[in-house]
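# Observations on the three-dimensional arrangement
Here are the chains, one letter per residue:
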Amino acid sequence: MKNFARYLVYTNIFIGACAAALTAETYTVLGLPLALYWYILLLFLSTVFVYSLHYYAKLKKPDSKEDQRLRWYFYHRRLLPVMIVSSAILIAGGVLFHANAIFFPGGTFSWLNLSCFILVPLLSLAYSHPFRLFRSDKKTTLRQFGLLKLLLLAFTWAFTTTILPVIMLAPGALAAHPLLLPLFIQHFVFIGALSVLFNVRDYEEDKRDHIRTLAVVLGPATTLRKAGRLAVLVNTVVNGWLLWNMHTWSEWLVAALFIPVILLWLGFNNFPEDADESLFIIRFDGLMILKAALLIFAVARF
């Protein structure tokens, strides 16, 4: 069981499935046309590519063999290059095949879509790949900026799973979806809460690398207690706002929105300090899949 979990997580297929699930949730809640199914597959492949590249870069760190996941990659040394190359080829093929839908929505060229397809990948790559700041001789990554690490992850995930698929529809489509902003903020605060949990798990690594995350600044115990309460409160309020804007009431919908919040609360209050990394990821990143599945099921009932 543990070996299967590691293959599922360490190939980055699981995290790709999380991105696909949140996007499918957006399609369902906003009623996007099924003709855009290709975006879900493209985002899945892009997530696999970015995360594989991230861990490939981490293999070059001098202390990489001390990390459980990186030791696994050393043992399966061909895996990451295969995942990177194969996902890159499939992404390129998908973009070329759907070039008209991506860059010419509504029959006219979209500079907005082109900008998104350039800036979002660059932002994702800058998270783990060193770049030189303006007028600086030192290279750094965006993850080196503690709070920015959390905000960047939350924004990138929320943007690519809610805003970007709507942008792919046609110019002006953003204004046609009154639930888009509440859903975007819901994804943002939910993934932000998950990021806090991962900040706590990565406490020793971030402290060693001088990354001032919440866990490093406040300490793991205080982060779990104080940031956990705030995260649960904010998610509760935002989910209530989303429910209000849906202009409907159903016990299924209430359950779908608030069960993930309860599980978040349990995660902060029963943090598994010594859990295997792959099982930890399945437990907490898996909340994205559970959250999406619950809301898709609830919306489909009415």
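The present account deals with the structure reproduced in this document. Because the structure is predicted, anything quoted here is derived from the model rather than measured.

Our focus in this paragraph is helix H12 (residues 220-245). An α-helical turn contains 3.6 residues, so a residue and the one three or four places further along point in the same direction. Taking 1.5 Å as the rise per residue, H12 with 26 residues should run 38 Å; its terminal C-alpha atoms sit 36 Å apart, in good agreement. Those residues of H12 lying buried are Thr223, Leu224, Ala227, Gly228, Ala231, Val232, Asn235, Val238, Asn239, Leu242 and Leu243. Buried residues along H12 sit in contact with helix H9 (180-201), helix H11 (214-218) and helix H13 (251-269).

Summarising the element assignment, Thr161 is placed in helix H8 (residues 146-167). Side-chain polar atoms of Thr161 contact the backbone oxygen of Ala158, separated by 3.5 Å. Sequence-distant contacts of Thr161, defined by excluding residues within four places in its chain, comprise Ala19, Leu22, Thr23, Thr26, Leu43 and His187.

All right, on to the packing of helix H1 (residues 2-10) against helix H14 (residues 277-300) then. Interhelical geometry of H1 versus H14 gives an angle of 65° and a closest axis separation of 8 Å. Taken together, the axis directions place H1 and H14 in an arrangement best described as roughly perpendicular. Between H1 and H14 lies a crossing whose hand is left-handed. Facing Lys2, Ala5, Arg6, Leu8, Val9 and Tyr10 of H1, the residues of H14 in contact are Glu277, Ser278, Leu279, Ile281 and Ile282.

In terms of nonpolar packing, the biggest core is built from 77 residues, with Tyr73 and Met288 touching the most fellow members. The element contributing the most residues to this core is H9, with eleven residues. Met288 has contacts with Ile15, Cys18, Leu22, Trp157, Phe190, Ile191 and Leu194, leaving out every residue within four places of it along the chain.

Let's shift gears to the environment of Asp202. Here Asp202 is to be found in the loop between H9 and helix H10 (203-208). Residue class for Asp202 comes out buried when judged on its relative accessible area of 14%.

Enumeration according to the criterion identifies 17 aromatic pairs in this entry. Aromatic pair Phe109 and Trp111: ring centres 4.9 Å apart, planes at 85°, arrangement edge-to-face. Judged by its relative accessible area of 34%, Phe109 is partly exposed. With relative accessibility at 61%, the residue Trp111 sits in the exposed group. Aromatic side chains Phe198 and Phe280 sit 5.2 Å apart centroid to centroid with 85° between the ring planes, which places their arrangement in the edge-to-face category. In this pair, Phe198 is assigned in helix H9 and Phe280 in helix H14, connecting sequence segments 82 residues apart.

This part covers the side chain of Asn12. Relative to the helices and strands, Asn12 is located in the loop between H1 and helix H2 (13-30). Classification of Asn12 by relative accessible area gives buried; the value is 0%. Other than its neighbours up to four places away in sequence, Asn12 contacts Val48, Tyr51, Ser52, Tyr55, Arg69, Tyr73 and Leu80.

Let's shift gears to a nonpolar patch on the surface. Residues Leu230, Leu233, Val234 and Val237 make up a contiguous nonpolar surface patch of about 360 Å² in total accessible area. Among the secondary structure elements, Val234 is positioned in helix H12. Classification of Val234 as partly exposed rests on a relative accessible area of 32%.

Rules and cut-offs
- Sequence order as written defines the numbering, with residues in each chain counted from 1.
- In view of the model being predicted, local features appear only for residues whose pLDDT reaches at least 70, and side-chain atom pairs are presented and counted only at 80 or more, with totals across whole chains, interfaces and linings using the full set of residues.
- Side-chain figures throughout are based on the complete set of non-hydrogen atoms in the structure, without hydrogens or water.
- Strands here mean DSSP runs of E at least two residues long; helices mean DSSP runs of H or I at least four residues long; both are numbered from the N terminus.
- What a helix is expected to span follows from its residue count: subtract one and scale by 1.5 Å.
- Between buried and exposed lies partly exposed: a residue is buried under 20% and exposed over 50% of the maximum accessible area for its type, with that area taken using a 1.4 Å probe on protein chains only.
- Note on definitions: a residue-residue contact is assigned when non-hydrogen atoms from the two residues lie within 4.5 Å.
- Here a polar contact means two N or O atoms within 3.5 Å. Within protein one must be a hydrogen donor candidate and the other an acceptor candidate, and residues neighboring in sequence count only if both atoms are side-chain atoms.
- Axes here mean lines fitted to C-alpha atoms, for a helix over just the part in contact, with angles spanning 0 to 180 degrees between N-to-C directions.
- When describing relative orientation, an angle under 35 degrees is termed roughly parallel and one over 145 degrees roughly antiparallel, while 65 to 115 degrees is termed roughly perpendicular and anything else oblique.
- Each crossing gets its hand from how the near helix is turned against the far one by less than a right angle, where anticlockwise is left-handed and clockwise is right-handed.
- We call a set of buried residues a nonpolar core when its members are Ala, Val, Leu, Ile, Met, Phe, Trp, Tyr or Cys and they connect through side-chain atoms within 4.5 Å of each other.
- Two aromatic rings, drawn from Phe, Tyr or Trp (for Trp, its six-membered ring), form a pair once their centres lie within 6.5 Å of each other, and the interplanar angle then sorts them: stacked below 30 degrees, edge-to-face above 60, tilted otherwise.
- Patch membership is restricted to residues that have no salt bridge and whose relative accessible area is over 30%. Joining uses 9 Å for like charges and 5 Å for the nonpolar side chains Val, Leu, Ile, Met, Phe, Trp and Tyr.
- All accessible areas in this document rest on Shrake-Rupley with a 1.4 Å probe, and a residue is counted as covered only by the protein chains that are shown.
- Here, a salt bridge means any Lys or Arg side-chain nitrogen found within 4 Å of an Asp or Glu carboxyl oxygen.

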